[in-house]
Amino acid sequence: MKKIKTITCIGAGYVGGPTMAVIASKCPEIKVNVVDINEKRIAQWNDADVNNIPIYEPGLAEIVAETRDKNLFFSTEVDQAIDEAEMIFISVNTPTKTYGIGKGKAADLKYIELCARQIARVAKDDKIVVEKSTLPVRTAEALTSILHNTGNGVKYHILSNPEFLAEGTAIQDLLKPDRILIGGDSDTQEAREAMQALVDVYAHWLTDEQILTTNVWSSELSKLTANAFLAQRISSINAMSELCEKTEADVDEVAKAIGMDSRIGPKFLKASVGFGGSCFQKDILNLVYISQSLGLQEVADYWEQVIIMNDHQKRRFAQHIVKTLYNTVSGKKISLLGWAFKKDTNDTRESAAIYVSDYLLSEHAKIVVYDPKVSSEQVYADLEYLGTHDPAFIREQVKVVSSPTEACFQAHAVAIMTEWNEFNTYNWKEIYQHMMKPAFLFDGRNILNRYEMKEIGFEVYAIGKGPSIQIA
Ligand SMILES: NC(=O)c1ccc[n+]([C@@H]2O[C@H](COP(=O)([O-])OP(=O)(O)OC[C@H]3O[C@@H](n4cnc5c(N)ncnc54)[C@H](O)[C@@H]3O)[C@@H](O)[C@H]2O)c1
Ligand SMILES: O=c1ccn([C@@H]2O[C@H](COP(=O)(O)OP(=O)(O)O[C@H]3O[C@H](CO)[C@@H](O)[C@H](O)[C@H]3O)[C@@H](O)[C@H]2O)c(=O)[nH]1
């Protein structure tokens with residue numbers, strides 16, 4: 001059977017970059033090209049100082065340093081890379097549609113289709129095309145139709161190989177995944193060989209048991225299903241967090257108690273200010289849209305509730321800040337610690353911090369943001385993208401600073417938006433001393449010891465915890 005010698009990945013983003021870096025590192029005999037139309041992004045991937053690559057992920061810079069320009073190449077030469085490769089991963093973005101039919105729910109597949117058309121135009125010999133992006137079930141059908149209608153005799157095998165890595169732990173997830181999922185046709189010998197060629201790539205570092213093969217549709221749908229189930233757990237525990245606040249049950253204790261039931265399990269039960277990230281919301285909305293399109297309204301409603309609950313959680317956190325600060329935050333300084341959607345990443349897409357800020361801006365708060373990995377331009381871009389407030393107003397009301405001390409200086413309230421470990425290491429006594437009094441602390445991640453914070457003098461609110469804190 002033919003061994004793959006050259007792989008091309010279209011899309012040098014959060015998935016394409018780290019995934020290909022790991023493949024290059026584990027498969028030294030395979031040449032891996034990562035291509036993108038975004039020249040700036042490619043220039044960053046090629047930056048002489050490997051610490052300037054565009055994505056921050058623990059362990060990624062080291063792997064890129066080890067493989068780049070040996071068997072891992074970043075470039076904007078998409079045609080050339082397509083021509084060269086036997087196997088092409090498509091790892092471009094599939095955002096929620098912002099126009100036309102399905103606006104606000106369906107996945108926008110224009111980037112996927114452009115890739116397929118480009119492959120169809122350029123390819124001169126047979127290719128294995130791998131869907132790495134998260135796609136609606138049955139997208140492979142559309143790809144097949146585009147690729148097989150060129151009339152130039154080139155044969156394509158289309159595989160689905162969704163990615164399950166989570167940001168912040170991408171490298172660990174890639175090196176030790178719970179499973180790799182490969183969906184493909186097994187009708188013909190050629191199709192089986194195509195699937196085996198991809199299995200062989202992963203077999204460089206994974207066992208047979210870790211590599212699951214299914215039909216294409218199961219693979220496509222499993223990705224959306226996995227994200228829906230994961231997000232559903234968070235919305236479920238967040239729903240309970242509100243009930244806990246009313247009843248003085250403690251959401252962390254409830255999570256621990258239910259998580260010890262092996263049928264439920266302990267992971268993904270951390271109550272929070274709401275889930276963010278580029279995937280959960282987009283993929284569930286896509287699932288809702290697919291269900292609606294197939295006339296399955298009850299199925300659509302069931303999954304949509306996960307998003308409704310998440311929006312509620314973000315809004316009620318912001319509302320609680322306003323209510324606690326005597327029903328007005330106008331002109332008050334609110335310090336937001338954390339802007340990324342989770343710790344250990346510089347990704348801010350759909351971060352709860354954006355929505356909480358947007359709400360506080362409507363109440364004319366003065367917002368000061370500190371995040372160890374997010375730039376000020378990103379913060380402004382995120383707020384401007386929502387379109388709720390005038391860019392000039394945003395820049396007048398929001399300041400982005402480079403230290404937590406500066407962020408909290410003379411603040412009326414501090415809100416923890418991301419669970420960065422460093423937030424636990426601060427001298428909170430000193431922070432308290434320099435804040436306006438009463439000094440309010442809103443812990444959207446339950447990472448600080450609220451008893452200690454209360455003892456320092458803070459008025460503390462923590463998600464899913466009753467209001468009364470007894471200090472011995
Ligand atoms: N971010 C994650 O953690 C994650 C995890 C699993 C799956 N996914 C899925 O993987 C896919 C990619 O996600 P991402 O976060 O890497 O997106 P991203 O936006 O970070 O990267 C996508 C890249 O594709 C490039 N691109 C778009 N069209 C192109 C074209 N025609 N030719 C060349 N380059 C093109 C863009 O310029 C961009 O750099 C999405 O479908 C997403 O749902 C993401
Ligand atoms: O118990 C939890 C776990 C997570 N979160 C939040 O949920 C969001 C998503 O977190 P996580 O799933 O860890 O990160 P992602 O990078 O968004 O990864 C998800 O989305 C990816 C893109 O599809 C999938 O590949 C991953 O398997 C899936 O976990 C973040 O805001 C987290 O803070 C919680 O609030 N409570």
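To keep things clear, this report deals only with the structure shown in the data block.

Calculation notes
Residues numbered from 1 in each chain as written. Chains lettered and ligands numbered in written order. Predicted model: local features only at pLDDT ≥ 70, side-chain atom pairs only at ≥ 80, totals over all residues. Heavy atoms only, no water. Near = heavy atom within 4 Å. Polar contact = N/O pair within 3.5 Å; in protein donor to acceptor, adjacent residues only side chain to side chain. Areas by Shrake-Rupley, 256 points an atom, 1.4 Å probe, with all protein chains shown as cover. Nonpolar A, V, L, I, M, F, W, Y, C, P; charged D, E, K, R; others polar. Domains from an automatic or database assignment. Pairing = 2+ DSSP bridges. Helix = DSSP H or I, 4+ residues; strand = E, 2+ residues; numbered from the N terminus. Axes fitted to C-alpha atoms, helices over the stretch in contact; angles between N-to-C directions. Contact = heavy atoms within 4.5 Å. Buried < 20%, exposed > 50% of the residue type's maximum accessible area, 1.4 Å probe, protein only. Arc of directions from axis to C-beta.

Near ligand 1, the surroundings consist of 25 residues, among which Asp36, Arg41, Thr94, Glu167 and Lys282 are the closest. The separation between an oxygen atom of ligand 1 and a polar main-chain atom of Thr134 is 2.9 Å. Side-chain polar atom of Glu167 to a nitrogen atom of ligand 1: 2.8 Å apart, as the coordinates give it. Starting from 840 Å² of accessible surface for ligand 1 in isolation, the protein chains cover 93%. Of the residues in the shell around ligand 1, the class split is nine nonpolar, nine polar and seven charged. Both of domain 1 (6-214) and domain 2 (230-469) provide at least three residues apiece to the shell around ligand 1.

Moving on to the sheet that holds strand S13 (residues 440-443). Taken in spatial order, the six strands line up as S11-S10-S9-S12-S13-S14 in an open sheet, and their pairing is parallel. In this open sheet, the two strands that pair with only one neighbour each are strand S11 (398-400) and strand S14 (459-462). On average, each strand axis in the sheet is inclined to that of its neighbour by 20°, with strand direction left out of account. As paired elements, strand S9 (residues 333-337) and strand S12 (residues 413-416) share four bridges and run parallel to each other. Bridged to Leu336 within S12 is Ala415. Those strands touched by helix H12 (residues 297-324) are S9, S12, S13 and S14, and its axis lies near 170° from that of S13.

Moving on: helix H6 (residues 139-147). Those residues of H6 lying buried are Thr139, Ala140, Leu143, Ile146 and Leu147. With its buried residues spanning 120° around the axis, H6 presents them on a single face. Of the surrounding elements, those touching the buried residues of H6 are helix H5 (110-122), strand S5 (127-131), strand S6 (156-160) and helix H9 (216-247).

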